[in-house]
Amino acid sequence: MAFGRSSSSRRPVEPVTLKILVAGGFGVGKTTLVGAVSEIRPLRTEERLSEAGRPVDDTAGVESKTTTTVAMDFGRITLREDLVLYLFGTPGQDRFWFLWDELAQGALGAVVLADTRRLEDCFAAVDYFEQRAIPFTVAVNCFEGADRFPTETVQAALDLDPEVPVLMCDARDRSSVRDVLVAVVEHALARADRFREPATT
């Protein structure tokens with residue numbers, strides 16, 4: 001009998017864990033996106049919309065929405081054996097934006113979820129990540145009945161840098177959301193590589 005470690009008994013891989021934010025306007029589908037892809041039961045901090053909040057919660061275009069995230073959504077997805085993403089969904093309403101700075105600490109990148117019926121609702125998220133130099137990808141959640149536009153049109157409407165990826169997605173579909181998250185990671189890592197490149201003289 002040969003002694004020593006068997007070639008089949010590999011040490012378990014210690015995965016790299018990355019933090020990704022999911023942001024966007026009120027009712028754009030952030031909670032749905034996190035829930036669609038999370039391999040654990042997602043943490044949700046939703047409360048029912050109240051009459052007191054009606055004057056400040058603009059439900060135009062999302063009249064069927066009855067709840068809102070008041071702190072964050074949290075989920076986890078393993079992209080590869082050695083790569084795990086922790087997803088933090090931000091609250092969409094202005095009055096909860098004080099939480100964003102805390103949630104953004106240590107984030108590799110972000111998804112800005114957009115709805116073409118209320119595209120202006122994601123301007124604040126785009127501005128937030130641009131000002132803090134946090135890499136982000138815009139994902140257009142393709143709601144039923146909403147107009148469809150080419151990604152170039154969305155990019156121009158949001159006045160995005162050409163390097164910012166814009167994708168169409170269905171926040172309810174796991175494979176669609178996974179593609180968005182892969183795009184965020186690839187974009188963030190490519191940007192980090194560019195910053196690490198030595199300057200040429």
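A few points on the structure.

Thresholds, definitions, all that
Residues numbered from 1 in each chain as written. Predicted model: local features only at pLDDT ≥ 70, side-chain atom pairs only at ≥ 80, totals over all residues. Heavy atoms only, no water. Helix = DSSP H or I, 4+ residues; strand = E, 2+ residues; numbered from the N terminus. Buried < 20%, exposed > 50% of the residue type's maximum accessible area, 1.4 Å probe, protein only. Contact = heavy atoms within 4.5 Å. Areas by Shrake-Rupley, 256 points an atom, 1.4 Å probe, with all protein chains shown as cover. Axes fitted to C-alpha atoms, helices over the stretch in contact; angles between N-to-C directions. Parallel < 35°, antiparallel > 145°, perpendicular 65-115°, else oblique. Nonpolar A, V, L, I, M, F, W, Y, C, P; charged D, E, K, R; others polar. Phe/Tyr/Trp six-rings, centres within 6.5 Å; stacked < 30°, edge-to-face > 60°. Expected span 1.5 Å × (residues − 1). Arc of directions from axis to C-beta.

Overview of the overall build of the protein chain
Now for step 1: Within the protein chain one finds five helices and eight strands.
Now for step 2: When the helices and strands of the protein chain are read in sequence order from the N terminus, they spell out β-α-β-β-β-β-α-β-α-β-α-β-α.
Now for step 3: Within the protein chain, the fraction of its 201 residues that count as buried is 44%.
Now for step 4: Counting only contacts in the protein chain whose residues sit at least 6 apart along the sequence, the fraction spanning at least 24 positions is 72%.
Now for step 5: On the protein chain, roughly 11,500 Å² of surface is accessible, and the fraction owed to carbon and sulfur atoms is 51%.

Some details on the packing of helix α1 (residues 30-37) against helix α5 (residues 174-196)
Now for step 1: As a packed pair, α1 and α5 sit with axes 9 Å apart at the nearest point and diverge in direction by 100°. Relative to α5, α1 is oriented roughly perpendicular. Contacts between α1 and α5 pair Leu 33, Ala 36 and Val 37 from the former with Arg 174, Val 177, Arg 178 and Leu 181 from the latter.
Now for step 2: Residues belonging to the contact of α1 with α5 are distributed by class as follows: five nonpolar, no polar and two charged.

So, the packing of aromatic side chains
Now for step 1: For the coordinates displayed, the defined rule picks out six aromatic pairs.
Now for step 2: With a centroid separation of 6.2 Å and 20° between ring planes, the pair formed by Trp 100 and Phe 129 is classed as stacked. In this pair, Trp 100 is assigned in helix α2 (residues 100-104) and Phe 129 in helix α3 (residues 123-131), connecting sequence segments 29 residues apart. Across the pair, Phe 129 and Trp 100 agree in class, each one buried.
Now for step 3: When the centroid spacing of 6.2 Å and the interplanar angle of 35° are considered together, the rings of Phe 129 and Phe 136 count as tilted.
Now for step 4: Since its relative accessible area comes to 4%, Phe 136 is described here as buried.

Re α5
Now for step 1: Taking 1.5 Å as the rise per residue, α5 with 23 residues should run 33 Å; its terminal C-alpha atoms sit 33 Å apart, in good agreement.
Now for step 2: If you check which residues of α5 are buried, you get Ser 176, Val 177, Val 180, Leu 181, Ala 183, Val 184, Val 185, His 187, Ala 188 and Arg 191.

Side note on α1
Now for step 1: Within α1 the residues assigned to the buried category are Lys 30, Thr 31, Leu 33, Val 34 and Val 37. The buried residues of α1 occupy an angular sector of 165° when projected down its axis, which confines them to one face.

Concerning the side chain of Asn 141
Now for step 1: By the secondary structure assignment, Asn 141 is in strand β7 (residues 136-141).
Now for step 2: Since its relative accessible area comes to 7%, Asn 141 is described here as buried.
Now for step 3: Beyond its immediate chain neighbours, meaning those up to four positions away, Asn 141 contacts Val 28, Gly 29, Leu 113, Ala 114, Cys 169, Asp 170 and Ala 171.

A short note on unusual backbone geometry
Now for step 1: Of note, Ala 133 is a non-glycine position whose phi angle comes to about 55°, a positive value.
Now for step 2: In this structure, Ala 133 sits in the loop between α3 and β7.
Now for step 3: The phi torsion at Asp 159 lies on the positive side, around 55°, for a residue other than glycine.
Now for step 4: Under the relative-accessibility criterion, Asp 159 is labelled exposed at 65%.

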